[in-house]
Amino acid sequence: FSFAPACCLCPELRTKSGLPVCRYALGGAARSHQTSSLPLKYSDLLLGNEHCGAPFYFYYNPHRYPDFIRGVVSSFSGEGARRKREDVFIASGGCDRCSASLDTRLEDALKHSGSYLDCFVLEYVCPDELGGGGKLGRELQDAIRHAQTFVEQGKVRYLAASTHSHEVGRSLALANDFDALMLRYNMSHRKAAESLSLPVAKERGTPVIAFTTTRWNRLQQESPAGMTPPTTSDCLKFALQHEAIEMVLHSARDEDELDDSLLPLFDSMKKKHWVSDEEHMRWATYGSDEKGWNIEDDFDE
């Protein structure tokens, strides 16, 4: 594949006002406590760095992140807000496929995002949701059709799907039903993505948002064969280097981790690519023993 140029703007996904979003998306972290100041710090960092795009916030069930959600809302409403709602991109979604549950998840999201949600995500599509020949199963197709009514009603602007399986990712890309896909991609979850889902997404022009780019922070903590582990920013830049990856989703746990993750991306924009050929080879080698890294994981085709 070709290496992507180092740029922080994602023109494929835009706010309602037309601003391209930042290629670093900030997500809610269920396993740690994120303060309400974190989303505000993210927004301010982007305001202070030219050509870095609008903030992109993602969360699952909003009830799990009350302080994070409070910070997201404060970034565009209330006294002292430095942005307007139409200049912020908010994404959420649900794992259920029945219409009533999807309606509930959307209404929950709208309580915090205003009259519309920028992107609704059908989360964690699994292999057993496919039918014969890799086609999408009937229940999943029904859920897609129902979610498309959110767009038709003006309640949602984009429709996306997420999966850990790259067999599923390929089928989702081939279906052409989505404006974006969220796919697992990192140094140790690479081969299936590069052979199955990412080429099809690139060919179909479907932007990919990479998640688990740090492999739940294990990549920075463990070192095969005595190699020096990567930083969080190294993990993010490795994912952005792939031409099919438009964005990385990262759930910084605090403001220091946000600085350590995002500021090096700003510095990398001064270069032609996110990482050099040598750096890319180093990190690809670092994560190359995929069976060793992922012995307890599912969906490693």
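Scroll up to find the structure this text is about.
Computed from a prediction, not measured in an experiment: that's the story for all the values here.

Rules and cut-offs
Residues numbered from 1 in each chain as written. Predicted model: local features only at pLDDT ≥ 70, side-chain atom pairs only at ≥ 80, totals over all residues. Heavy atoms only, no water. Helix = DSSP H or I, 4+ residues; strand = E, 2+ residues; numbered from the N terminus. Rg over C-alpha atoms; globule rule 2.2 N^0.38 Å. Buried < 20%, exposed > 50% of the residue type's maximum accessible area, 1.4 Å probe, protein only. Contact = heavy atoms within 4.5 Å. Areas by Shrake-Rupley, 256 points an atom, 1.4 Å probe, with all protein chains shown as cover. Axes fitted to C-alpha atoms, helices over the stretch in contact; angles between N-to-C directions. Parallel < 35°, antiparallel > 145°, perpendicular 65-115°, else oblique. Nonpolar A, V, L, I, M, F, W, Y, C, P; charged D, E, K, R; others polar. Core = buried A, V, L, I, M, F, W, Y, C linked by side-chain atoms within 4.5 Å. Pairing = 2+ DSSP bridges. Expected span 1.5 Å × (residues − 1). Bend = angle between axes of the 7 residues up to and from the residue. 1 Å grid on protein atoms, 1.4 Å probe; cavity = no way out; pocket = protein on both sides within 12 Å on 5 of 7 lines; lining within 4 Å. Points joined across faces, edges and corners; volume = space filled by probe spheres on them. Right-handed = clockwise from strand over helix to strand, strands pointing away.

(A) Representation of the overall build of the protein in the model. From N to C terminus, the protein includes ten helices and ten strands. The C-alpha atoms of the protein give 18 Å as radius of gyration, which agrees with the globular expectation for 301 residues (19 Å, within 12%). Taken over the C-alpha atoms alone, the protein extends approximately 50 × 50 × 30 Å along its principal axes. Across the 301 residues in the protein, those meeting the buried criterion constitute 54%. Restricting to contacts in the protein with at least 6 residues of sequence separation, those with at least 24 account for 75%. Summed over all atoms, the accessible surface of the protein reaches about 12,900 Å², with 48% contributed by carbon and sulfur.

(B) Looking closely at the packing of helix H5 (residues 166-175) against helix H6 (residues 191-204). As a packed pair, H5 and H6 sit with axes 8 Å apart at the nearest point and diverge in direction by 10°. As judged from the angle between their axes, H5 and H6 are roughly parallel. Residues His-166, Glu-167, Gly-169, Arg-170, Ala-173 and Leu-174 of H5 lie in contact with H6, whose contacting residues are Ala-192, Ala-193, Leu-196, Ser-197, Val-200, Ala-201 and Arg-204. A class-by-class count of the residues in the contact of H5 with H6 yields seven nonpolar, three polar and three charged.

(C) Spotlight on the environment of Asp-289. Mapped onto the elements of the fold, Asp-289 is located in the loop between helix H9 (277-286) and helix H10 (290-293). Linking Asp-289 and Met-187, residues 102 residues apart in sequence, is a C-alpha distance of 9.7 Å.

(D) Representation of the nonpolar core. Formed by 88 residues in total, the largest nonpolar core has its most connected members in Leu-13, Tyr-24, Tyr-42 and Phe-56. Ignoring any residue separated from it by four or fewer positions in sequence, one finds Tyr-42 in contact with Cys-22, Tyr-24, Ala-25, Leu-26, Ala-54, Pro-55, Phe-56, Tyr-57, Leu-258 and Leu-262.

(E) Main features of the environment of Lys-84. Relative to the assigned elements, Lys-84 resides in the loop between helix H2 (66-74) and strand E5 (89-94). Residue classification places Lys-84 among the exposed residues on the basis of a relative accessible area of 54%. Distance from Lys-84 to Arg-145, taken between C-alpha atoms, is 31 Å for residues 61 residues apart in sequence.

(F) Focus on unusual backbone geometry. Even without being glycine, Trp-216 reaches a positive phi, approximately 55°. Summarising the element assignment, Trp-216 is placed in the loop between strand E9 (208-211) and helix H7 (232-240). The phi dihedral of Asn-217 falls on the positive side, at around 70°, and the residue is not glycine. Tracing the chain through its elements places Asn-217 in the loop between E9 and H7. When its relative accessible area of 15% is taken as the criterion, Asn-217 is described as buried.

(G) Inspection of the sheet that holds strand E10 (residues 245-250) at higher detail. In spatial order, the strands read E3-E4-E5-E6-E7-E8-E9-E10; together these eight strands close into a barrel with parallel pairing. Neighbour to neighbour, the strand axes of the sheet diverge by 30° on average, direction disregarded. This element, helix H1 (residues 37-47), spans strand E3 (24-27) and strand E4 (56-58) of the sheet and lies at about 170° to E3. Relative to the sheet, helix H3 (residues 99-113) contacts E5, strand E6 (117-122) and strand E7 (156-163), its axis offset from that of E6 by approximately 150°.

(H) Molecular detail of H6. Between its terminal C-alpha atoms H6 stretches 20 Å, which fits the 20 Å expected from 14 residues at 1.5 Å a residue. In H6, a bend of some 40° at Ser-197 exceeds every other bend along the element, and Pro-199, a proline, comes one to four places later. Among all positions of H6, only Ala-192, Ala-193, Glu-194, Leu-196, Ser-197, Leu-198, Val-200 and Ala-201 are buried. Packing partners of the buried residues in H6 comprise H5, strand E8 (180-184), E9 and E10. Immediately beyond the C-terminal end of H6, within one or two residues, lies Gly-205, with a positive phi of roughly 75°.

(I) How the structure looks around the layout of surface pockets. Approximately 860 Å³ is the volume attributed to the largest pocket. Lining the largest pocket are 27 residues, with Gly-28, Ala-30, Arg-31, Trp-216 and Ser-251 positioned closest to its centre. Taken together, the residues of the lining of the largest pocket break down into ten nonpolar, eleven polar and six charged.

(J) Highlighting the pairing of E8. Counting buried residues along E8, five of its five residues qualify, which places the element largely inside the surrounding structure. Neither face of E8 is left uncovered, since the one carrying Ala-180, Met-182 and Arg-184 and the one carrying Leu-181 and Leu-183 both have all their residues buried. With four bridges joining them, E7 and E8 adopt parallel strand pairing. Looking at E8, one finds that Ala-161 is bridged to Leu-181. As a crossover connection, the stretch from E7 through H5 into E8 is right-handed. Inspection of the sheet shows E8 paired to E9 by four bridges, in the parallel sense. Each residue of the ladder has a partner; that of Arg-184, found in E9, is Phe-211.

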